[in-house]
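# Architecture at a glance
Take a look at the letters that make up each chain.
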Amino acid sequence: MILVIGVATTTLTIGLALYGVTDKPYQQTRAATAGPDVVASLPAGPGQSAVVDALIHASGVTGHSGPYPLAFTVIGARGRTADVMAEGRDLAPASIDQPKPTQGSWVRDGGVVIERSFADALGVHVGDQVTLGGRSFRVVGMAVTAGLPAYPGGLCSMGCASIPASLLHSSRFPTPGLVWLTKPAATALATSAGSLSYLLNLKLANPAQAQAFAIAHNANWSPTEPILSPWQRILDVDNLVVENAQQAMRIGGWLFGLLAVAGLAVLVGRRMVEQTRRVGLLKAVGGTPGLVASVLLAEHLVLALAAAAVGLVAGWLAAPPFARTGAGLIGTPGAPSLTVSAIVLILAVALAVALAATLVPAIRAARTSTVSALADEARPPRRRAWLIAVSARLPVPMLLGLRLTARRPRRAVLSALSVAITVTGIVTILANDSYLARHFSHDVDDPRIDRINQLMAMITIMLVVLATINMIAVTWATKLDARRSSALSRALGATPGQVSAGLSAAQLLPALPGAVVGIPVGIYLCDIFRHGVLTIPSPGWLLLVLLGTPLVVAGLTAIPSRLGAHRSVAEILRSELA
């Protein structure tokens, strides 16, 4: 119990602890680079001067820099190519939005400065040669800025009107990198009017009003008007690296919680069976059904609280590596913090998981009569004529498996739920991989995709491990419950191998519908994660999941079902009657 609840609460803790951790690095970068309060993306063409004049003289504007030419072209480096925005800058520092070199120097003739996270993705260093629009430039520096989102955020994250149509018509989301050149060099890279726009940086008297200022000026937007982006929007885009991780960990935490309910319900049910005589003794000395149920619930709720405490500490300690903002910002993220409401939520989730898994077995045990509980007799199987008629025509292993499944229908449902949750997680990850490959496949590494892939791999491993523990526990509980009936089957002629195969079949029968249900649910969950973009993994992967799930279940249940299979029938029956 501590293990499965601890894993769920640890994952959920990490997801909640990452909230707002990138605010500090962005503000440090903003202070170091004299970041603008509002960035206006201006289309090239006649009338631009009037638009610029209106903006810089608008109410609340206290300063500006630019407009700077922004050419859209292609960069080549180390055998890779990528779309890039080349911003033209003056040799002298700007008073507003002056990118800060972290290596090398600022722009000069024949030289290019590359935004640091984009340089890391390209694998280039100061002194390397790169090509821009087929022209050769020397990398003279790397810099960070708060005026545009770090790679792979790009200008289109704030508004795609200034992105060339050739990029927008691509099947993939445009995520161009950013470089700085001299103004003449940047302008020369524009091969057409559509590949050139301008950026104007504005300073406001009250930076907190930047969003309202941008909304007011974007209200009547047209293709000839600028798009204004407040600094808060740039912060939100830079936050996506951590926010995607946060969302993935929250989804993983809920999946682990559901998986914990399915597994713990079986373990708790089996433990209640072992405590039947204890229940009888409590009721014999005057304990009411309510008191008995409370005692049985209390011990599991205490364990759940202990597991939640372990998960809180483990999640808080494990959160810092997930809070890394990448190379696009300077400074260090704030220490992950947990609010009182977050702690209360995590404790409530742990208690809810334990309660959901324990309540039904505890009530059932409390309602058992005192005489029956003290006698602790095996529960006779329910005879169903249709089941006997169907199973009688099946091979012996399937006959035994079907009857074991029918004898414990609640356990079969929980086993199916466990498999469905695991398959849901796996299919969600496969669908997400298909989405990323379809919309974000580039020659250049993408920090956000790399982070998501690492998290998805970790969540997959944890899901599989917990599902494996659940499946082995369910098989073992079924084996213990079926000791007497299995011994009688052997006494009537079944071989140890057939009995073991029957135990495995009892887990395979609910696993098949669980896998079938998990596939569409996983696709739907990815659809939610990707905000309504339906993505279906390749049929080959889905077929592998559908056919591989029962094979894995058969392999996992083979070992526990065979343990003690050759124990003599007489010995088993004597121990059951003792």
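So, a few notes on the structure that sits alongside this text. (Residues numbered from 1 in each chain as written. Predicted model: local features only at pLDDT ≥ 70, side-chain atom pairs only at ≥ 80, totals over all residues. Heavy atoms only, no water.)

Right, let's talk about the overall build of the protein chain for a bit. Per the secondary structure count, the protein chain includes 21 helices and 10 strands. Looking at the protein chain residue by residue over its 578 residues, the buried ones come to 51%. Looking at the protein chain alone, contacts between residues at least 24 apart form 83% of all its contacts between residues at least 6 apart. When the accessible area of the protein chain is evaluated, it comes to approximately 25300 Å², of which 65% is carbon and sulfur surface. (Helix = DSSP H or I, 4+ residues; strand = E, 2+ residues; numbered from the N terminus. Buried < 20%, exposed > 50% of the residue type's maximum accessible area, 1.4 Å probe, protein only. Contact = heavy atoms within 4.5 Å. Areas by Shrake-Rupley, 256 points an atom, 1.4 Å probe, with all protein chains shown as cover.)

As a further point, take the pattern of salt bridges. Per the counting criterion, the structure on display carries 6 salt bridges. Linking D37 and K203 is a salt bridge whose minimum nitrogen-to-oxygen distance equals 3.9 Å. Within this pair, whereas D37 is found in the loop between helix 2 (23-32) and strand 1 (38-43), its partner K203 is found in strand 9 (residues 196-204), the two being separated by 166 residues in sequence. Given the relative accessible area of 27%, K203 is considered partly exposed. Residues E87 and R89 are paired through a salt bridge, measuring 3.0 Å at the closest nitrogen-oxygen approach. Of the two residues examined, E87 and R89, each falls in the buried class. One connected set of salt bridges, linked through shared partners, spans R30, D37 and K203. (Salt bridge = Lys/Arg side-chain N within 4 Å of Asp/Glu carboxyl O.)

Looking at the secondary structure, you find A437 in helix 16 (residues 409-439). C-alpha separation for the pair A437 and I449, spaced 12 residues apart in sequence, amounts to 9.8 Å.

What follows deals with the environment of Q507. Topologically, Q507 is positioned in helix 19 (residues 496-529). Distance from Q507 to L402, taken between C-alpha atoms, is 9.6 Å for residues 105 residues apart in sequence. When sequence neighbours within four positions are dropped, the list of residues in contact with Q507 reads S415, M471, V474, T475, T478, V553 and T557.

With that out of the way, let us pick up helix 7 (residues 210-218). Listing the buried residues of helix 7 in full gives A210, F213 and A214. For helix 7, the arc enclosing every buried residue in end-on projection is 95°, short of the 170-degree limit, so these residues lie on one face. Across from the buried face of helix 7, at angles greater than 90 degrees, the exposed residues are I215 and A216. Among the structural elements, strand 1, strand 2 (61-77), strand 9, strand 10 (227-230) and helix 8 (231-238) are those in contact with the buried residues of helix 7. (Arc of directions from axis to C-beta.)

Going through the model one piece at a time under the given rule, you end up with 7 cavities of 30 Å³ or more. Size it by volume and the largest cavity reaches roughly 100 Å³. A248, I251, T428, M456 and I459 are the residues nearest the centre of the largest cavity, which is lined by 12 residues in total. Those elements that place two or more of their residues in the lining of the largest cavity are helix 9 (240-274), helix 16, helix 17 (447-481) and helix 19. Considering every element that reaches the lining of the largest cavity, the biggest residue donor is helix 9, with 4 residues. When the residues that make up the lining of the largest cavity are grouped by side-chain class, the tally is 9 nonpolar, 3 polar and no charged. Roughly 70 Å³ of internal volume is contained in the second largest cavity. Together, L404, T405, R408, R411, A412, S415, V474, T478, A506, Q507 and P510 line the second largest cavity. Only helix 15 (396-407), helix 16, helix 17 and helix 19 provide two or more residues apiece to the lining of the second largest cavity. (1 Å grid on protein atoms, 1.4 Å probe; cavity = no way out; pocket = protein on both sides within 12 Å on 5 of 7 lines; lining within 4 Å. Points joined across faces, edges and corners; volume = space filled by probe spheres on them. Nonpolar A, V, L, I, M, F, W, Y, C, P; charged D, E, K, R; others polar.)

Aromatic rings considered in pairs are described by the distance between their centres and by the relative angle of their planes. Taken as a whole and assessed by the stated rule, the structure comprises 2 aromatic pairs. Here W106 and W180 contribute two aromatic rings whose centre-to-centre distance is 6.1 Å and whose plane-to-plane angle is 50°, an arrangement assigned as tilted. With W106 in the loop between strand 4 (100-104) and strand 5 (111-115) and W180 in strand 8 (residues 177-182), this residue pair connects regions lying 74 residues apart in the sequence. Relative accessible area serves as the criterion here: at 13%, W106 is assigned to the buried category. For W180, a relative accessible area of 1% puts it in the buried group. Ring centres of F118 and Y151 lie 5.0 Å apart, and the angle between their planes is 50°; this geometry places the pair in the tilted category. (Phe/Tyr/Trp six-rings, centres within 6.5 Å; stacked < 30°, edge-to-face > 60°.)

A few words on helix 8. Along an α-helix, a turn takes 3.6 residues, which lines up residues three or four apart on a common side. Along helix 8, 6 of the 8 residues are buried, which leaves the element largely enclosed by surrounding structure. Of all the positions in helix 8, only W231, Q232, I234, L235, V237 and D238 are classed as buried.

Counting 61 residues, the largest nonpolar core has I75, V112, I114, F118, L132, V179 and L181 as its most contacted members. Residues in contact with V179, not counting those within four places in the same chain, are I75, V84, M85, A86, E87, V112, V113, I114, F118 and L132. Membership of the second largest hydrophobic core comes to 15 residues, among which are A8, I421, L455 and L466. (Core = buried A, V, L, I, M, F, W, Y, C linked by side-chain atoms within 4.5 Å.)

Time to look at the side chain of R30. Residue placement: R30 occurs in helix 2. By relative accessible area, which is 10% here, R30 ends up buried. For R30, the contacting residues outside a window of four places in its chain are G35, P36, D37, A146, K203, P207 and W231.

Our next topic: the environment of R233. Of note, R233 is situated in helix 8. C-alpha of R233 to C-alpha of Q211: the two residues are 22 residues apart in sequence and 8.1 Å apart in space.

A large share of strand 2 lies buried, amounting to 12 of its 17 residues. In terms of strand pairing, strand 2 meets strand 9 through 8 bridges, oriented antiparallel. Looking across to strand 9, one finds that H64 is bridged to L202. Sheet topology places strand 2 next to strand 3 (residues 80-89); 8 bridges connect them, and they run antiparallel. The residue of strand 3 that forms the bridge with A71 is A86. (Pairing = 2+ DSSP bridges.)

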